[in-house]
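# Examination of the molecular architecture
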Amino acid sequence: MTSSKLSESGALGALREADPLRYAAVLYMPQEKRAPIASIWLFQSEIERIRDLVSEPLPGEIRLQWWRDVFLGMRDGEAKQNPLAVDLLETIDANGLSRDLFVTFLEAMTFDLYEDPMREAAQFEGHMGETQSVFFQMICQILAGERLQDGTAAGHAGVAFGVMRTLVDTAKHRTRGQIYVPSNMLDTRKITADKWLASDNTAEKCDAIKDFTAFGLDHLAKANSALTDLPVNCRIAFLVLAVCGKTLERAREKPLDAFNGNIALGPLQTHWTLLKAALRGF
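Let me sum up the structure you'll find in this document. Keep in mind that this is a model prediction, so the values were computed, not measured. (Residues numbered from 1 in each chain as written. Predicted model: local features only at pLDDT ≥ 70, side-chain atom pairs only at ≥ 80, totals over all residues. Heavy atoms only, no water.)

## Some words on the overall build of the chain
Test applied: Numbering goes from the N terminus for both helices and strands, where a helix is a DSSP run of H or I of at least four residues and a strand is a run of E of at least two. Only protein chains enter the accessibility calculation, which uses a 1.4 Å probe. A residue is then buried if its area is under 20% of the maximum for its type, exposed if over 50%, and partly exposed in between. A contact between two residues is defined here by any heavy atoms of the two lying within 4.5 Å. The charged-residue count follows a simple rule in which Lys and Arg add positive charge and Asp and Glu add negative charge, with His and chain termini not counted at all. Each charge is placed at NZ for Lys, CZ for Arg, CG for Asp and CD for Glu.
Broken down by element type, the chain carries 17 helices and 0 strands. Overall, the chain is about 55 × 45 × 35 Å in size when its C-alpha atoms are taken along their principal axes. Sorting the 282 residues of the chain into buried and exposed places 51% on the buried side. A separation of at least 24 residues holds for 72% of the contacts in the chain among residues at least 6 apart in sequence. Within the chain, the 37 negative side-chain charges are centred at a point lying 5 Å from the centre of the 31 positive side-chain charges.

## Details of the packing of helix H14 (residues 203-226) against helix H15 (residues 241-253)
Cut-off, in case you're wondering: The angle between two axes is taken between their N-to-C directions and runs from 0 to 180 degrees, where each axis is a line fitted to C-alpha atoms and a helix contributes only its stretch in contact. Here roughly perpendicular refers to angles of 65 to 115 degrees, roughly parallel to angles under 35, roughly antiparallel to angles over 145, and oblique to all remaining angles. By definition, any crossing whose near helix is turned counterclockwise from its far helix by less than a right angle is left-handed, and any crossing with a clockwise turn is right-handed.
Running from N to C, H14 and H15 point in directions that differ by 150 degrees, and their axes come no closer than 9 Å. As judged from the angle between their axes, H14 and H15 are roughly antiparallel. Considering only the axes of H14 and H15, their crossing is left-handed. On H15, the residues touching Ile209, Lys210, Thr213, Gly216, Leu217, Leu220, Ala223 and Asn224 of H14 are Leu241, Gly245, Leu248, Ala251 and Arg252.

## Digging into unusual backbone geometry
A negative phi angle characterises most non-glycine residues, just as the trans form characterises most peptide bonds. Its identity as a non-glycine residue notwithstanding, Lys190 has a phi of 55 degrees, on the positive side. Looking at the element boundaries, Lys190 is found in the loop between helix H12 (183-188) and helix H13 (193-197).

## Observations concerning the packing of helix H10 (residues 152-168) against H14
Note the cut-off: Residues are sorted three ways: Asp, Glu, Lys and Arg are charged, Ala, Val, Leu, Ile, Met, Phe, Trp, Tyr, Cys and Pro are nonpolar, and all the rest, Gly among them, are polar.
With their axes 8 Å apart at the nearest point, H10 and H14 run at an angle of 150 degrees to one another. On the basis of their axis angle, the class for H10 and H14 is roughly antiparallel. Of the two elements, H10 crosses H14, and the hand of that crossing is left-handed. Counting all contacts with H10, which are made through Thr152, Ala153, His156, Ala157, Val159, Ala160, Val163, Thr166 and Leu167, the residues of H14 involved are Ile209, Phe212, Thr213, Phe215, Gly216, His219, Leu220, Lys222, Ala223 and Ala226. Of the residues that constitute the contact of H10 with H14, the class distribution is 12 nonpolar, 6 polar and 1 charged.

## With respect to the side chain of Thr110
The condition is simple: Here a polar contact means two N or O atoms within 3.5 Å. Within protein one must be a hydrogen donor candidate and the other an acceptor candidate, and residues neighboring in sequence count only if both atoms are side-chain atoms.
Of note, Thr110 is situated in the loop between helix H8 (99-109) and helix H9 (121-144). What makes Thr110 buried here is its relative accessible area of 15%. Side chain to side chain, Thr110 and Arg68 meet in a polar contact 3.2 Å long. Those residues in contact with Thr110 that lie beyond four places of it in its chain are Glu61, Leu64 and Arg68.

## Structural notes on the nonpolar core
Heads up, the rule is: Note on terminology: a nonpolar core comprises buried Ala, Val, Leu, Ile, Met, Phe, Trp, Tyr and Cys residues joined through side-chain atoms within 4.5 Å.
Core analysis: the biggest nonpolar cluster contains 95 residues, and Phe43, Trp67, Phe71, Phe102 and Phe238 have the highest contact counts within it. In terms of residue count, H9 provides more of this core than any other element does, 12 residues in total.

## As for the environment of Ala221
Take Ala221: it is sitting in helix H14. Taking C-alpha positions, Ala221 is 36 Å from Gln65, a pair spaced 156 residues apart along the chain.

## Thoughts on the packing of aromatic side chains
To be explicit about the condition: Ring geometry is summarised as follows: Phe, Tyr and Trp rings, the Trp one being its six-membered ring, pair when their centres sit within 6.5 Å, and such pairs are stacked at plane angles under 30 degrees, edge-to-face over 60 and tilted between the two.
Tallied over the entire structure, the rule returns 16 aromatic pairs. Arranged with centres 5.7 Å apart and planes meeting at 65 degrees, the rings of Phe43 and Phe105 form a pair that is edge-to-face. Note that Phe43 is positioned in helix H3 (residues 31-48) and Phe105 in helix H8, a separation of 62 residues in sequence. Judged by its relative accessible area of 0%, Phe43 falls in the buried class.

## Comments concerning the environment of Gln269
Looking at the element boundaries, Gln269 is found in helix H17 (residues 267-279). Residue classification places Gln269 among the partly exposed positions, given a relative accessible area of 33%.

Any link to function would need more than the numbers given here.
The structure is reproduced here in structure tokens:
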């Protein structure tokens, strides 16, 4: 596919600014697939950062609704003036992607505009299924050229990636009053919401971080195991799991750093991790 509004370099440049990890990963994709994959990931990143741009939920709801209307065909005129929307809709049509999945994603992202806690691990898994796993599945479809029937790898990958992102952003979430670590995990360590949001570091909080990290590592192991059942040409969609694994290992070893938001890999280590994984035939 050739982008009509964003050139390949333009799409990649925008993704590099919005999401360095996904930008680094897309460089390992087949060249003819980079622009459409970049448009998918750029859209995902644009929606994920809405919470960073608004001070209250209503403006965020309005942005989400605009995109819902685009996918429902209710803003065709406005969409044609938006380079990302043009590229995204062309990518969807050219690759047989479902617009309904994007609408479901937007509906799920409403949760991120508020301060409601994740009650249970199952709720976290469901949320990440709709906001992360679905994108692994769509990238696979773009790479393989057909819709895959087995979503096991994508399902577990989305949860593992969501755990990593949650750990990286834990400090930011706490300043907003948001708690993504499931409440039942905090309850096990006798940590109330108020205690979790407080800045003091305790052994109980470190234990909760370890529990949450183990939860992520379990899903990561299941994702990696399921990759062997996928077509070889779409496994590269899961390259970011290499960084996910390194980050989760760091959180397990240094839970206090995770609680304080200091576990993200630096740019050089990110690229080196991706390169090694790609050379191994990820």
